[in-house]
Amino acid sequence: MTLAARDPLAAKPVSFADLDPREQLRPMDHLDALEAQSIYIFREGFARLKKLALLWSLGKDSNVMIWLARKAFFGKVPFPALHVDTGKKFPEMYAFREHYAKEWDLDLRVDPCPPIDSVDPTLPPAARSAARKTEGLKLALAKYGFDGLIAGIRRDEEATRAKERVFSPRGTEGGWDVRDQPPEFWDQFNASPPPGAHLRIHPILHWTEADIWAYTKRENIPIIPLYLAKDGKRYRSLGDQDITFPVASHASSIDEILHELQTTKVPERAGRALDHETEDAFERLRVAGYL
């Protein structure tokens, strides 16, 4: 019997007998179960689709996804990491991308977003700025011909995302029909996108914000320092500089973040200007193909 080594850089499985005795006897916990389910989803997508990419937004969720993908495929992500770049991320995010794309040996594809003039002018300002990513993603899809995009969204993050499926079909223009989604009973996924369309695959859809941080701590996954409090503020969610703001916090370590999440009533996306605009702005973006 063999088990994958806990270190995702391991190129080969290790023998069960080689594991520390405490590791052999340790029962599967909540994080183990989440990890196993996510790895299963990664492998299902890779086995059943021809041309995949992992959308790397550089935030805590997509960094966990990179880590899980490396575990799923024994240290090497076998498909490109695609960053649809607005050109407005924080300097710390770009520094993180350049460093870890090399350290994790990623096939990094960076594709720019079109100018704001190409976006629906009826959208509110922050939604219109965010919609540049939708248009940039459409251009990247046309350029590379991906039939599957792996995305790091979670159901607990935002109400519209709670309606998603793990394998979510998109139309030929990238649109999402929330009223026409396949059932997913007993982990049976529909992995057959319509001709000219693609699937969005969501390996961490079942995770929570607290799960992400607990797993990041356990696995010692690198993080962008903006998530840690400085001068009484920190970022809960990272996006473009001009539409993302910090929230009041004194959590300067992951342990303190986990403690804070047990008591705070501040939503995770409280610092996102988009989430404070008209009620339907986010859903309009999602229907049009936004992440």
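See the structure shown above.
Everything numeric in this text was worked out from a predicted model, so none of it was measured.

(A) Region of interest: the nonpolar core. Of all hydrophobic cores here, the largest spans 51 residues; its most connected members are Phe 42, Leu 54, Trp 56 and Phe 79. Among the elements of the structure, helix H2 (30-48), strand S3 (52-55), helix H3 (60-72), helix H4 (91-103), strand S8 (198-201), helix H6 (209-219) and helix H7 (254-263) are those that each provide at least two residues to this core. Per-element accounting of this core gives the leading share, 7 residues, to H3. The two domains that each donate at least three residues to this core are domain 1 (29-176 + 193-208 + 279-288) and domain 2 (224-273). What Leu 54 contacts, discounting residues up to four positions off in sequence, is Phe 42, Met 65, Ile 66, Ala 69, Phe 79, Pro 80, Ala 81, Leu 82 and Ile 150.

(B) Representation of the environment of Thr 86 within the structure. Within the element layout of this structure, Thr 86 appears in the loop between strand S4 (81-85) and H4. Residues Thr 86 and Ala 130 lie 44 residues apart in sequence; the distance between their C-alpha atoms is 8.5 Å. The residues contacting Thr 86, other than those within four sequence positions of it, are Cys 113, Arg 132, Lys 133 and Asp 240. One polar contact links the side chain of Thr 86 to the main-chain amide nitrogen of Lys 88, over a distance of 3.2 Å.

(C) View of the pairing of S4. With respect to burial, S4 is a largely interior element, 5 of its 5 residues being buried. By the alternation rule, side chains of S4 split into Ala 81, His 83 and Asp 85 and Leu 82 and Val 84, which are all buried. Pairing geometry for S3 and S4, over 2 bridges, is parallel. For Leu 55, the partnering residue across the bridge sits in S4 and is Leu 82. As a crossover connection, the stretch from S3 through H3 into S4 is right-handed. Of the pairings in the sheet, the one linking S4 to strand S5 (residues 108-112) comprises 5 bridges and is parallel in character. In the strand pairing of S5, Leu 82 is matched with Arg 109.

(D) Geometry of the packing of H6 against H7. The N-to-C vectors of H6 and H7 enclose an angle of 160°; their axes lie 10 Å apart at closest approach. Relative to H7, the element H6 lies roughly antiparallel. Like other packed secondary-structure pairs, H6 and H7 cross with a definite hand, here left-handed. Side by side, H6 and H7 meet where Glu 209, Ala 210, Trp 213, Ala 214, Thr 216 and Lys 217 of the first sit next to Ile 254, Asp 255, Ile 257, Leu 258 and Leu 261 of the second. Split into classes, the residues belonging to the contact of H6 with H7 amount to 7 nonpolar, 1 polar and 3 charged.

(E) Broad picture of the environment of Val 84. Positionally, Val 84 belongs in strand S4. Considered as a pair, Val 84 and Arg 109 are 25 residues apart in the sequence and their alpha carbons are 8.3 Å apart. Setting aside chain neighbours within four positions, we find Val 84 in contact with Asp 111, Cys 113, Lys 133, Gly 136 and Leu 137.

(F) How the structure looks around the packing of aromatic side chains. For the coordinates displayed, the defined rule picks out 12 aromatic pairs. Relative to Phe 79, the ring of Phe 46 has its centre 6.1 Å away and its plane inclined at 55°; by these criteria the two rings are tilted. Of this pair, Phe 46 sits in helix H2 while Phe 79 sits in the loop between H3 and S4, and the two are 33 residues apart along the sequence. For Phe 46, a relative accessible area of 39% corresponds to the partly exposed category. With a centroid separation of 5.8 Å and 85° between ring planes, the pair formed by Phe 73 and Phe 79 is classed as edge-to-face. Here Phe 73 and Phe 79 have matching classes, each one buried.

(G) A look at H4. An ideal rise of 1.5 Å per residue puts 18 Å on 13 residues; H4 measures up with 18 Å between its terminal C-alpha atoms. Considered for burial, the residues of H4 that qualify are Met 93, Tyr 94, Phe 96, Arg 97, Tyr 100 and Ala 101. Down the axis of H4, the smallest arc covering the buried residues is 155°, so these residues share one side. Exposed residues on H4 whose side chains face more than 90 degrees from its buried face are Pro 91 and Lys 102. Next to the buried residues of H4 lie H3, S4 and S5. With its phi angle positive at about 55°, Asp 105 sits one or two positions after the end of H4.

(H) Representation of unusual backbone geometry within the structure. At Asp 105, a residue that is not glycine, the phi angle is positive and equals roughly 55°. Along the chain, Asp 105 turns up in the loop between H4 and S5. For Asn 220, which is not a glycine, the phi torsion comes out positive at approximately 60°. For Asn 220, the position within the fold is in the loop between H6 and strand S9 (233-234).

Conventions adopted
Residues numbered from 1 in each chain as written. Predicted model: local features only at pLDDT ≥ 70, side-chain atom pairs only at ≥ 80, totals over all residues. Heavy atoms only, no water. Core = buried A, V, L, I, M, F, W, Y, C linked by side-chain atoms within 4.5 Å. Buried < 20%, exposed > 50% of the residue type's maximum accessible area, 1.4 Å probe, protein only. Helix = DSSP H or I, 4+ residues; strand = E, 2+ residues; numbered from the N terminus. Domains from an automatic or database assignment. Contact = heavy atoms within 4.5 Å. Polar contact = N/O pair within 3.5 Å; in protein donor to acceptor, adjacent residues only side chain to side chain. Pairing = 2+ DSSP bridges. Right-handed = clockwise from strand over helix to strand, strands pointing away. Axes fitted to C-alpha atoms, helices over the stretch in contact; angles between N-to-C directions. Parallel < 35°, antiparallel > 145°, perpendicular 65-115°, else oblique. Left-handed = near helix turned anticlockwise from the far one by under 90°. Nonpolar A, V, L, I, M, F, W, Y, C, P; charged D, E, K, R; others polar. Phe/Tyr/Trp six-rings, centres within 6.5 Å; stacked < 30°, edge-to-face > 60°. Expected span 1.5 Å × (residues − 1). Arc of directions from axis to C-beta.

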